[in-house]
Every structure is written in structure tokens, then in C-alpha cells.
Amino acid sequence: TLCRSVSVQFTVTGSDGKNAGETNVQLFAMEADAEVVTNCLLTVSNPKLWHPDHAWLYTLKTEVLRGGKMVDSVSTRFGIRTLAFDDKLGFVINGEPLSIRGANRHQDIPWLGNAVPDDAQYRDIKRLKDAGFNFLRLAHYPQSPAVMDACDELGLIVSVCTPGWQYFSKDGTFTNLARQNIRDMVRWHRNHPCASMWEVSLNESYGHDAFYADCARIAREEYPEGQMFTSGDSYASKHVRYYDIPYAGWEDPYARPAASGFENSKRS
């Protein structure tokens, strides 16, 4: 069966509901059950930028049309911002330095464990925001999608963590699953404007430099064009330049000396 007059319509709307841009891709004819990959460029003129102090969000609506009638659609929320980590300035968003005030966050709640409803997740994130935090490290397992949504809406910058901690096996099954976890993690969260750091080390699983260098490479493959910033623990590592932001530079009781090449750098 040949499907004719197939097209994909893309429409961007802002938080105010106003149209911010649109485009259409004509696919002409397609065989039934066939897969087609297409690329298009959509410009948002004079965008409002996402920032912890003004967390402006957009929604991209993607519609599949056949004969001019919609047969499928999906909506993807996103934000527009630029990130940088500078040796002297530290964290930079939309061209301006921003001091990070951060916390490490687990998602379990007393008497509920991990069975936390979305509104409770939102309440937890809002309490952190109201307390003056602008950054969260989401340790160190896949947290509820409601957490990332709340951070987008309320304006908290996020470090997303690879699942796993306090264990490492050289067995190929383990390492291959860890690599795939990183791909899945980036694909799952890369449209969230709050996601600014990607922790590609396994929590408190030290050393294994060659493996973690490969993990950083994989993350950049999944999110190219210079806005992917990897982070990881420098403890017991001989060389951590594969991380954009190594966890280093503080003293006892945790004793993470500045990593080689990052002395006096605000990126660590």
C-alpha cells in the first residue's frame, strides 16, 4: 500500500499560547509500515530565553498529515538557552555568569518510598526553589519525569546522573548496559532546558578512567553541537580531562584535590 500526500507539520507556541514559528515537510509518497527520517529547520524569532529567574517554555507540536487531515500528533516541551562552563567565570547561562547554589536530591519520601505522586514531587522541588536553591543534582537513578518537568517550570538547573553506584564490573554485560543507560538518559532528557550537566560516572565507583572517557564520548554523540557538558567524580582517577566539570577542588573530609589540568579552575 502506498500512502500519498503525507506531510509533517511543526508548530511552536510559547507559554502565553502565541504562535512562535511553524514549518511543513512534504514527504510525498510512503510505503505502508516504512520509516522515513527527515530534517527541517524551524526559526523562533526573538525568543524568550529560559533562565532560573524566568523559566520561559515553548511547546513544539508535531502533526502527521495525510491528505491534509491529521492522523497523529505529539507535543514536546522545550526551552531556549545557551550554556557554558568557563575556567574563570564558572557557570554561564545566556552569556551571563550565575552562581550555583545547589543541593543533592533523592526522590523518596517518608512512608511512601519511591511511590511518590507527581504533585508531591512538584511540592518538593518548589520547597527547594523557595529556599533559594537554583541547582539540583538528581542522584543517581532515573527519577520521575515529574521532577524534570517541575525543574523546567520552576527554574532549577539540573545535573542528570547515570544510574548506578558503589559497584563496577569489568564484565561486558555490565559495561555495555551502563553505556546504553547513558544513551537512554540523554535521549530521555535532552529537550529539558533544566538539564545542564550530565554525570557520566557511576556514583562512588572510582577509577576506571578509560571506561568513563568512553562514557563521555557517548554522551556527546547523543547531544552534539557544543551544549553537552559532562561531569563526574575525580576521586582515584589519574586523568579526568574527559569531564567538562570534574567533581574536585575541595578538601577534607572528602579530600578531592583539584584534578590535574583544573587547578584554580571554577569549572571543578
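Attention in this report is confined to the structure presented alongside it. (Residues numbered from 1 in each chain as written. Predicted model: local features only at pLDDT ≥ 70, side-chain atom pairs only at ≥ 80, totals over all residues. Heavy atoms only, no water.)

**What to know about the overall build of the protein**
And step 1. Helices and strands together make up the secondary structure of the protein, namely four helices and 15 strands.
And step 2. C-alpha extents for the protein along the principal axes are approximately 65 × 45 × 45 Å.
And step 3. Looking at the protein residue by residue over its 268 residues, the buried ones come to 46%.
And step 4. Counting 28 positive and 33 negative side-chain charges, the protein places the averaged centre of each group 2 Å from the other. (Helix = DSSP H or I, 4+ residues; strand = E, 2+ residues; numbered from the N terminus. Buried < 20%, exposed > 50% of the residue type's maximum accessible area, 1.4 Å probe, protein only. Lys, Arg positive; Asp, Glu negative; His and termini not counted. Charge placed at Lys NZ, Arg CZ, Asp CG, Glu CD.)

**A short note on the pattern of salt bridges**
And step 1. The tally for this structure, following the rule as stated, stands at 15 salt bridges.
And step 2. Between K61 and E63 there is a salt bridge, with the nearest N and O atoms lying 3.8 Å from each other.
And step 3. Of the residues examined, K61 reaches a relative accessible area of 36% and is grouped as partly exposed.
And step 4. Close ionic contact of R267 with D87 constitutes a salt bridge, the shortest N to O distance being 2.8 Å. Residue R267 is found in the segment after β15 (245-247), and its partner D87 is found in the loop between β7 (83-86) and β8 (90-93); the two are separated by 180 residues along the sequence. (Salt bridge = Lys/Arg side-chain N within 4 Å of Asp/Glu carboxyl O.)

**Here's the deal with the side chain of E63**
And step 1. One can find E63 in strand β5 (residues 58-66).
And step 2. For E63, a relative accessible area of 16% corresponds to the buried category.
And step 3. With near-sequence residues (within four places) excluded, E63 lies in contact with S7, V8, Q9, M70, D72 and S73. (Contact = heavy atoms within 4.5 Å.)

**What to know about the packing of helix α1 (residues 118-130) against helix α2 (residues 145-154)**
And step 1. Where α1 contacts α2, the axes come no closer than 9 Å and their chain directions differ by 40°. When the interaxial angle is binned, α1 and α2 end up oblique. For the crossing formed where α1 meets α2, the hand is right-handed. Contact residues: D118, Q121, Y122, I125, K126 and K129 in α1; A146, V147, A150, C151, E153 and L154 in α2.
And step 2. Of the residues contributing to the contact of α1 with α2, the split by class is seven nonpolar, one polar and four charged. (Axes fitted to C-alpha atoms, helices over the stretch in contact; angles between N-to-C directions. Parallel < 35°, antiparallel > 145°, perpendicular 65-115°, else oblique. Left-handed = near helix turned anticlockwise from the far one by under 90°. Nonpolar A, V, L, I, M, F, W, Y, C, P; charged D, E, K, R; others polar.)

**Some points on α2**
And step 1. Within α2, seven of the 10 residues are buried, leaving the element largely enclosed by the surrounding structure.
And step 2. Residues A146, V147, M148, A150, C151, D152 and L154 constitute the buried set of α2.
And step 3. Of the residues flanking the end of α2, it is G155, one or two places downstream, whose phi is positive at about 90°.

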